[in-house]
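An overview of the molecular structure
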Amino acid sequence: RSSHKGTFGSVLAVAGSASYRGAAALAVEGALRTGAGIVTLASVEPVLAAVSARLPECCLCPCEAGAAGGIAPENIPRIQRQKATVLLLGPGLGYTAETQALVQQLLPDFAGSAVLDADGLNAAADLLQTGKLPHPQGDLILTPHPGEMARLTGCSVADINADREGTALRFAKAWDAVVVLKGARTVIAAPDGRCAVNPTGNPGLARGGSGDVLAGMTSALLACKLPAFEAAVCAVYLHGAAADCAAAKHGETGMLPHDLFAELGGLFAANGR
């Protein structure tokens, strides 16, 4: 009852580009709707304009665009000056050299924990070919779907899907990170050998934008001081449960990722939060 916005942490989302504005909006709203005290979006002007019109609660860190329409690496010092306890890096950034520079320079210097998603994962896959995975000072959560996991590991999608739990556990230990291997019955694996398989969700989540919502939710629970494995497990469970509620109303074919937010609020309200 005596809490304030600082109690629930702060998320810095480095997300979006001229071609992928919605990804940033969905990730930011996912973080705000899941309890983060402060959410700041670092992105280019077209993305900031779209997000601020929809979400006035979001703070903004304006960035200059690079040649590909994403965040130019020259913005890194400005981004590093933002105060945050959790870094969300990747949604909608685009698979470019600019994104690789952001991952390579922002992750190792970040004092808190981080969630690496989408094109952040693709950039990390390139970096893994020549060195180690960049790691923040705190915990790291990776949220790959099987295609992204294949690029990260060099394994085939078929081999990954044939042993989802084993693959997630093996690389969680190798990377010292929590791995959220998305898909039907998402697997969450920790470096210490813990593993969970999610029972919620439905094929209505098989649509662009669903993963952006999950990345924002995961970041918020990290900011609220849940340990990394628990934050990932809870985010995946709630994301799927909200999708099940949305499917009951709109059908699996008709539901959209932004429909999850109303259902997520209902889930929290039903549990007194």
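Our structure's up above, just so we're on the same page.
Conventions adopted
Residues numbered from 1 in each chain as written. Predicted model: local features only at pLDDT ≥ 70, side-chain atom pairs only at ≥ 80, totals over all residues. Heavy atoms only, no water. Axes fitted to C-alpha atoms, helices over the stretch in contact; angles between N-to-C directions. Helix = DSSP H or I, 4+ residues; strand = E, 2+ residues; numbered from the N terminus. Parallel < 35°, antiparallel > 145°, perpendicular 65-115°, else oblique. Left-handed = near helix turned anticlockwise from the far one by under 90°. Contact = heavy atoms within 4.5 Å. Expected span 1.5 Å × (residues − 1). Buried < 20%, exposed > 50% of the residue type's maximum accessible area, 1.4 Å probe, protein only. Arc of directions from axis to C-beta. Salt bridge = Lys/Arg side-chain N within 4 Å of Asp/Glu carboxyl O. Nonpolar A, V, L, I, M, F, W, Y, C, P; charged D, E, K, R; others polar. Phe/Tyr/Trp six-rings, centres within 6.5 Å; stacked < 30°, edge-to-face > 60°. Pairing = 2+ DSSP bridges. Core = buried A, V, L, I, M, F, W, Y, C linked by side-chain atoms within 4.5 Å. 1 Å grid on protein atoms, 1.4 Å probe; cavity = no way out; pocket = protein on both sides within 12 Å on 5 of 7 lines; lining within 4 Å. Points joined across faces, edges and corners; volume = space filled by probe spheres on them.

**Here's the deal with the packing of helix α5 (residues 119-128) against helix α6 (residues 146-153)**
- Viewed as axis vectors pointing N to C, α5 and α6 meet at an angle of 20°, and their least axial separation amounts to 8 Å. Taken together, α5 and α6 sit at an angle that is classed as roughly parallel. Relative to α6, the crossing made by α5 is left-handed. Residues Leu-121, Asn-122, Ala-124, Ala-125 and Leu-128 of α5 form the contact with α6, whose own contacting residues are Glu-148, Arg-151 and Leu-152.

**Here we look at helix α8 (residues 164-175)**
- The end-to-end C-alpha separation of α8 is 16 Å, in line with the 16 Å expected for 12 residues at 1.5 Å each.
- Residues Arg-164, Thr-167, Ala-168, Phe-171, Ala-172 and Trp-175 constitute the buried set of α8. Within α8, the buried residues cover an arc of 125° as seen down the axis, which keeps them to one side. Turned more than 90 degrees away from the buried face of α8, the exposed residues are Lys-173 and Ala-174.

**Some words on the pattern of salt bridges**
- In the structure shown here, the tally under the stated rule is 6 salt bridges.
- Glu-29 serves as the salt-bridge partner of Arg-54, at 2.9 Å between the closest nitrogen and oxygen. With Arg-54 in helix α2 (residues 45-54) and Glu-29 in helix α1 (residues 21-33), this pair connects stretches of sequence that are 25 residues apart.
- You can call Arg-54 partly exposed: its relative accessible area is 44%.
- Note that Arg-194 is salt-bridged to Asp-192, the shortest N-O span being 3.0 Å.
- Linked through salt bridges whose partners overlap, the residues forming this network are Glu-29, Arg-33 and Arg-54.

**Here we look at the packing of α6 against α8**
- At their nearest, the axes of α6 and α8 sit 12 Å apart, and the two run at 45° to each other. Considering the angle they form, α6 stands oblique to α8. Where α6 crosses over α8, the two elements pack in a sense that is left-handed. Side by side, α6 and α8 meet where Pro-146, Met-149, Leu-152 and Thr-153 of the first sit next to Arg-164, Thr-167, Ala-168, Phe-171 and Trp-175 of the second.
- Grouping the amino acids of the contact of α6 with α8 by side-chain chemistry returns 6 nonpolar, 2 polar and 1 charged.

**Examining the packing of aromatic side chains**
- Counted according to the given criterion, the structure contains 1 aromatic pair.
- With a centroid separation of 5.0 Å and 40° between ring planes, the pair formed by Phe-171 and Trp-175 is classed as tilted. Here Phe-171 and its partner Trp-175 are both found in helix α8, 4 residues apart, which amounts to about one turn of the helix.
- When its relative accessible area of 10% is taken as the criterion, Trp-175 is described as buried.

**As for the sheet that holds strand β5 (residues 113-116)**
- Taken in spatial order, the 9 strands make up an open sheet running β3-β2-β1-β4-β5-β6-β7-β8-β9, and their pairing is mixed. Looking along the sheet, the strands with just one partner apiece sit at the ends: β3 (59-63) and β9 (195-197). In this sheet, adjacent strand axes meet at a mean angle of 15° when their direction is disregarded.
- Where α1 meets the sheet, its contacts fall on β1 (10-14), β2 (38-44) and β4 (86-89), and the angle it forms with β2 comes to roughly 170°.

**Focus: the nonpolar core**
- Val-14 and Leu-41 are the most contacted members of the largest nonpolar core, which totals 92 residues.
- Per-element tally for this core: the top contributor is helix α10 (residues 228-250), with 12 residues.
- Aside from chain neighbours lying at most four places away, what touches Val-14 is Ala-42, Ile-71, Ile-79, Leu-87, Leu-88, Leu-89, Gly-90, Pro-91, Leu-93, Leu-102 and Leu-106.

**A few points about the layout of surface pockets**
- Roughly 540 Å³ of internal volume is contained in the largest pocket.
- Lys-182, Gly-183, Leu-205, Ser-210 and His-239 are, among the 28 residues lining the largest pocket, the residues nearest its centre.
- Counting only elements with at least two residues in the lining of the largest pocket, the list comes to α6, α9 (210-223) and α10.
- With 4 residues, the single largest contributor to the lining of the largest pocket is α9.
- Its residues assigned to classes, the lining of the largest pocket comprises 9 nonpolar, 13 polar and 6 charged.

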